[in-house]
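# Structural overview for review
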Amino acid sequence: MSTREQTVSTPSTRSPAWLRAMRPRQWVKNVLVLAPVFPAGQQVGLDTLTGVGVAFVLFCVLSSSIYLINDAKDVEADRAHPRKRFRPIAAGELPVRTAVVLAVVLAAVALGAGTLWQPMLGVVLGVYFVIQLAYCFGLKHEPVLELACVASGFLLRMLAGGTAGDIPLSGWFLLTTAFGSLFMAAGKRYGEARRGELTGEPVRRVVQRYTPTYLRFVWTLAATVVVTTYALWAIEVLVAQTGTSLATLTIVPFVLAVLRYAVDVDSGNAEEPEEIALHDRVLLGLAGLWCASLLLAVWL
């Protein structure tokens, strides 16, 4: 371990450094892999659930590989950051070389297992890996392109669930997912920009190239498209699929959930979407109500 690594103080914790470096708290994002199951209705069987479960696990493994690569590459910059300096690699708890080796192993396992399970799942995982590598090694400094990279991660999770579970996804559903992903990505950047304004903490270079007004425009546009495409999906696809107008009732909790999340975005608290998902009880309640109404419409 280098002298620099020895001198960086870190908070005490019981978790192994390698596990914390994999950021298991962010695995909650991979729940999006399960989303295609809800509207599938009676198409869902054991094979579907097994396939979606495999996709979820493999996305957790592959995303952790990306986190390790990103933190290993940015180790010096993270050490100068007031919060990121406590990450295991920046703090010297996990050597850079060990992190890179672990990342390569995790990526090989995820891509290999995905391809063996279903070739198209391997393709989706491979596309995700390539885009995220491009993000780590340069695109994260390019405005708009970096937003697209972050948003694509959410969309590809959804595609992985549909692919692994052999669930057909409609165009409206994919558009809802795509612009919902953009909504969350722009909210993340807006939260970081607001934090920098309020606390004076340094923010990443690309965030400095955005203005809060521009980011507000992006997430407002994205939220508008999300609500519109979801309503069209519920009315045109889900009603036809289920044969009941109950499907239109799912629009109400969905729109309320979007508006609730927008409160967090507008206040600058959406920098970590997984934290909102875990701690905003009202949002969790609305999400649960939406899931219940969707299941009711699909299974009745």
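Residues numbered from 1 in each chain as written. Predicted model: local features only at pLDDT ≥ 70, side-chain atom pairs only at ≥ 80, totals over all residues. Heavy atoms only, no water.

## A short note on helix α11 (residues 212–242)
Which entries qualify depends on this criterion: Secondary structure elements are defined from DSSP: runs of H or I of at least 4 residues count as helices, runs of E of at least 2 residues count as strands, and each element is numbered from the N terminus. Helix span, expected: 1.5 Å multiplied by one less than the number of residues in the helix. To obtain the bend at a residue, axes are fitted to the seven residues ending there and to the seven starting there, and the angle between these axes is taken.
The first and last C-alpha atoms of α11 sit 42 Å apart over 31 residues, in line with the 45 Å expected at 1.5 Å per residue. At Ala234, α11 shows its largest kink, close to 30°. Where α11 ends, the next residue or the one after it, Gly243, has phi of about 75°, a positive value.

## A closer look at the domain arrangement of the chain
It is common to report an interface's size as the accessible area lost on association of the parts. Counted only if it meets this: Segmentation into domains, and thus their bounds, comes from an automatic or database assignment. Contact criterion: two residues are considered in contact whenever any of their non-hydrogen atoms come within 4.5 Å of each other. Defined in terms of a 1.4 Å probe, buried area is the accessible area two parts forfeit on being brought together, summed over both. The working definition used for a salt bridge is a side-chain nitrogen of Lys or Arg within 4 Å of a carboxyl oxygen of Asp or Glu. Side-chain classes are defined by residue name, with Ala, Val, Leu, Ile, Met, Phe, Trp, Tyr, Cys and Pro counting as nonpolar, Asp, Glu, Lys and Arg as charged, and the others, Gly among them, as polar.
Domain parsing of the chain yields domain 1 (17–168) and domain 2 (170–299). At the junction of the two partners, domain 1 supplies 30 residues and domain 2 supplies 36 residues. For the pair domain 1 and domain 2, the two sides together bury roughly 2800 Å², of which 65% comes from carbon and sulfur. Its largest share of buried area at the contact with domain 2, domain 1 owes to Phe38, Pro39 and Leu147, together 22% of the area lost on that side. Inspection of the region where domain 1 meets domain 2 yields 1 salt bridge. Residues Arg189 and Glu146 are paired through a salt bridge, measuring 2.8 Å at the closest nitrogen-oxygen approach. Looking at the side of domain 1 that touches domain 2, the element that brings in the most residues is helix α8 (residues 145–164), giving 8 residues. Class assignment of the residues belonging to the side of domain 1 that touches domain 2 gives a composition of 17 nonpolar, 6 polar and 7 charged.

## With respect to the nonpolar core
Rule in force here: Buried Ala, Val, Leu, Ile, Met, Phe, Trp, Tyr and Cys residues that are joined via side-chain atoms within 4.5 Å together make up what is termed a nonpolar core. Per-residue accessibility, obtained with a 1.4 Å probe over protein chains only, is compared with the maximum for each type, and a residue is labelled buried under 20%, exposed over 50%, and partly exposed between these values.
Judged by nonpolar contacts, the single largest core of 46 residues is most densely connected at Phe183, Trp219, Tyr230, Trp233, Tyr261, Val265 and Leu294. Secondary structure elements with two or more residues in this core: α8, α9 (171–199), α10 (205–208), α11, α12 (251–266) and α14 (281–299). For this core, the element with the highest residue contribution is α11, accounting for 11 residues. Counting only domains with at least three residues in this core, you end up with domain 1 (17–168) and domain 2 (170–299).

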